Amino acid sequence: MQDYPCAQDVEKIFDVLCKLPTLEFFDAEHLKHIIERAKLRKFGPGEVIIREGDCDRCIFFLVHGQVLVSKGNIRINSLRRTGDIFGEMGVIDGNVRSATITTQAETLCLIVNADELYGMDPENKLANQVVLYKIFSEILAARLRKMNDEILYLRKELDRSHAACKKA
């Protein structure tokens, strides 16, 4: 793992983040403010970024690379798109990390402490939080839809298996 100061890469990262649909509600000034207070961290393959059960207030934006999401050593998901976000659940509910995130390839993440986001503009604190939670809700809704599809598939497979057992 290696940290890089973001200040020198603000414009480059800004260009990437501006194109992300999940961040379209932040104006340019807020995005630059976020990037200036963030860290860029490079991880090698097989490194743990988040460990299930740990506690912190960081949100991770995938700049490039690929990460595996697992819970209790069971693979849940893989994230590989620029702009994929992880670590948001612990920020939302204040609980410990619910899953482990491990790199599958060399990976670069923009890491933002949620406290920085909440305090970045005291005059507009509530508006900033609304934008942040809109982003979180869109991410979680997409993940819930995917999970529902997977549960439906597994239930159908289970029903087929039960039907086959009854015939035998």
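The shown structure was predicted, so the numbers you read here are calculated from the model rather than taken from an experiment.

Q: Explain the environment of Phe26 to me, and be specific about the residues and the numbers.
A: Structurally, the position occupied by Phe26 is in the loop between α1 (10-18) and α2 (28-37). Exposure remark for Phe26: the relative accessible area of 8% places this residue in the buried category. Measuring from C-alpha to C-alpha, the distance between Phe26 and Leu132 comes to 8.7 Å, with 106 residues separating the pair along the chain.

Q: Any details on the sheet that holds strand β6 (residues 74-79)? Residues and values, ideally.
A: Sheet architecture is open: 4 strands sit in the order β3-β8-β5-β6, paired in antiparallel fashion. Each of the sheet's edge strands pairs with one partner strand only, and the pair in question is β3 (48-50) and β6. Recorded for the sheet is a direction-independent mean angle of 30° between the axes of neighbouring strands. Bridge count between strand β5 (residues 67-71) and strand β8 (residues 100-103): 4 bridges; the pairing is antiparallel.

Q: A description of the pattern of salt bridges should follow, citing residues and the corresponding values.
A: Opposite charge on two side chains lets them pair, provided their charged atoms get close. Overall, the coordinates contain 5 salt bridges when judged by the stated rule. We note a salt bridge from Glu52 to Lys71, for which the minimum N-O separation is 3.2 Å. One end of the pair, Glu52, is in the loop between β3 and β4 (58-64); the other, Lys71, is in strand β5, with 19 residues separating them in the sequence. Residue classification places Glu52 among the partly exposed residues on the basis of a relative accessible area of 32%.

About the criteria used
- Residues numbered from 1 in each chain as written.
- Predicted model: local features only at pLDDT ≥ 70, side-chain atom pairs only at ≥ 80, totals over all residues.
- Heavy atoms only, no water.
- Helix = DSSP H or I, 4+ residues; strand = E, 2+ residues; numbered from the N terminus.
- Buried < 20%, exposed > 50% of the residue type's maximum accessible area, 1.4 Å probe, protein only.
- Pairing = 2+ DSSP bridges.
- Axes fitted to C-alpha atoms, helices over the stretch in contact; angles between N-to-C directions.
- Salt bridge = Lys/Arg side-chain N within 4 Å of Asp/Glu carboxyl O.

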